[in-house]
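Here are the chains, one letter per residue:
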Amino acid sequence: MQKVLNLPNKLRLIYLFAYACAVCWVPVFALYYKKAGLAGVQIGILASIPPAIYFVVQPFWGFWADRIGRKKLLVIVMILSASVFLFFPQHGTFLHLFLLTLALGIFWSTVHPLVDCMTLDMVANRDERAFSFFRMWGSIGWSAGSFVMTYINLSDNLVFNFRLASVFLVLSLLIVLTIKPIKSGSETNVFDFKISTIRELLRNTRLISFLVIALVIAILTAPIWYYTSIFYSDIGASSSLISLVYGLQGLIEIPFFFIANYFIKRYGLYQMLVFSFYINALRSFLYAIVPSPQLAIGIELLQGISWALMWVCCVEYVNEVVPQHWSAPGQTLLWSVF
């Protein structure tokens, strides 16, 4: 039993359940607001809160990570996030849902970054390839969570998604509690996001130019990430079919996270980056003209290029244009922009 639940397997299970939690609510967040009776503008405001908060609270959580340790902080934000999930109602006022979304954004925003930090701290010799194998279990968890919901008749009650998200997050939390924290001196400094660091990064014109491009791409592709559930619902897809769509996305991502580096070496980083941008444009165009949810599922085959390949290219580009000791805050800026 001890061999089965060794440290590597514990880390894999943490990723699996944490991303299974995410897929329960992140993809259908906008659809939940719509079914709760909110107007389009209100949906846009609420849907923007979690990603916007990430950048704002990063220094705050970084301070507490240094103060009390990453494992303790991860346990706290997991408990708080799992609790907030339980308070989402089937119907609610804009103010009520605004406060819940704000709380969820504050606590949830640091769950995945802390899981990444903890894994990086414990991966021997900081082996990036070893880390990618652990991160792969996040995609497996995303797919598994989607397929679980595919076989559950959710009908119009998306509140169940939040309840299931809480269950998956608690399962991840229980495994986190069994892991012994490492000494703070050996931790990877991913949360180094001080004013002096930001000032130094802002002097890097290549980085800033790329972040501006990344910001434009993020804005133009936002409908894909935040409103796909509403799109499928509007063209007649059931809740189970919507869950199946996100499960397929996760499965398609997995191989591309591993073959992306081959394509980059074979065809060039810049070429693959531009190619992924074009595929995102094609994907948006196809969504605009597809007549049925059954045909729309075929569009999801582009997920590997439009997301996995694009993200690997973005990460590699930032690593290329910033010095190695600025790599962590550089990646934080990239993530914040998206």
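Residues numbered from 1 in each chain as written. Predicted model: local features only at pLDDT ≥ 70, side-chain atom pairs only at ≥ 80, totals over all residues. Heavy atoms only, no water.

## Regarding the pattern of salt bridges
Part 1 of the reasoning: For the coordinates displayed, the defined rule picks out 3 salt bridges.
Part 2 of the reasoning: Measuring nitrogen to oxygen at the nearest pair gives 3.7 Å for the salt bridge that ties R206 to E320. With R206 in helix α10 (residues 205–226) and E320 in helix α15 (residues 303–321), this residue pair connects regions lying 114 residues apart in the sequence.
Part 3 of the reasoning: Classification of R206 by relative accessible area gives partly exposed; the value is 41%. (Salt bridge = Lys/Arg side-chain N within 4 Å of Asp/Glu carboxyl O. Helix = DSSP H or I, 4+ residues; strand = E, 2+ residues; numbered from the N terminus. Buried < 20%, exposed > 50% of the residue type's maximum accessible area, 1.4 Å probe, protein only.)

## Here's the deal with helix α5 (residues 94–108)
Part 1 of the reasoning: If you check α5, its first and last C-alpha atoms are 20 Å apart, about what 15 residues at 1.5 Å a residue would give, namely 21 Å.
Part 2 of the reasoning: Restricting attention to buried positions, one finds in α5 the residues L97, L100, T101, L104, G105, F107 and W108. (Expected span 1.5 Å × (residues − 1).)

## Examining the packing of aromatic side chains
Part 1 of the reasoning: Per the stated rule, a full pass over the model turns up 23 aromatic pairs.
Part 2 of the reasoning: Ring centres 6.4 Å apart and planes at 20° place the aromatic pair F17 and F168 in the stacked group. Of this pair, F17 sits in helix α1 (residues 7–25) while F168 sits in helix α8 (residues 159–176), and the two are 151 residues apart along the sequence. Taken individually, F17 and F168 each receive the classification buried, so the pair is uniform in this respect.
Part 3 of the reasoning: When the centroid spacing of 6.1 Å and the interplanar angle of 65° are considered together, the rings of F29 and F88 count as edge-to-face. One end of the pair, F29, is in helix α2 (residues 29–35); the other, F88, is in the loop between α4 (70–85) and α5, and 59 residues separate them in sequence.
Part 4 of the reasoning: Ring pairs connect the aromatic residues W25, F29, Y32, Y33, F85, F88, W108 and F162, which therefore count as one cluster.
Part 5 of the reasoning: Note that R266 overlies the ring of Y267, its terminal NZ or CZ placed 5.0 Å from the centroid. (Phe/Tyr/Trp six-rings, centres within 6.5 Å; stacked < 30°, edge-to-face > 60°. Lys NZ or Arg CZ within 6 Å of the ring centre and 35° of its normal.)

## Brief notes about the state of the cysteines
Part 1 of the reasoning: Enumeration over the complete set of coordinates arrives at 0 disulfides.
Part 2 of the reasoning: Free of any disulfide, C24 has its nearest cysteine sulfur in C21, 6.5 Å distant.
Part 3 of the reasoning: Cysteine C313 shares no disulfide, and the gap to the nearest cysteine sulfur, in C314, comes to 7.0 Å. (Disulfide = S-S within 2.5 Å.)

## Side note on α4
Part 1 of the reasoning: Compared with the 22 Å implied by 1.5 Å per residue over 16 residues, the 22 Å span of α4 between its first and last C-alpha is a close match.
Part 2 of the reasoning: Every buried residue of α4 is accounted for by R70, K71, L73, L74, V75, V77, M78, S81, A82, V84 and F85.

## Some thoughts on the nonpolar core
Part 1 of the reasoning: One finds W25, L74, F85, F88 and W108 to be the most contacted residues of the largest nonpolar core, which totals 105 residues.
Part 2 of the reasoning: Residues within four places of L74 in sequence aside, it is in contact with V111, L114, V115, M118 and V176. (Core = buried A, V, L, I, M, F, W, Y, C linked by side-chain atoms within 4.5 Å. Contact = heavy atoms within 4.5 Å.)

## Quick look at a nonpolar patch on the surface
Part 1 of the reasoning: Side chains of F60, F63, W64, I68, I76 and L80 sit close together on the surface and give an oily, nonpolar patch of about 490 Å² of accessible area.
Part 2 of the reasoning: Those elements giving two or more residues to the nonpolar patch turn out to be α3 (40–68) and α4.
Part 3 of the reasoning: With respect to the secondary-structure elements, F60 resides in helix α3. (Patch = residues over 30% accessible without salt bridge, like charges linked within 9 Å, V, L, I, M, F, W, Y side chains within 5 Å. Areas by Shrake-Rupley, 256 points an atom, 1.4 Å probe, with all protein chains shown as cover.)

## Some words on the confidence of the model for the protein chain
Part 1 of the reasoning: Summing up the model confidence of the protein chain, the mean pLDDT is 83 and the portion of residues at 70 or higher is 86%.
Part 2 of the reasoning: Across the protein chain, the element-wise mean pLDDT spans from 69 in helix α9 (residues 195–202) up to 94 in helix α13 (residues 269–289).
Part 3 of the reasoning: Across residues 125–129, confidence stays below pLDDT 50; counting only partners more than four residues off in sequence or on other chains, it has 6 contacts.
Part 4 of the reasoning: Low pLDDT, under 50, characterises residues 184–191; the stretch is placed with 25 contacts to residues that sit more than four places away or in other chains. (pLDDT = per-residue confidence, 0-100.)

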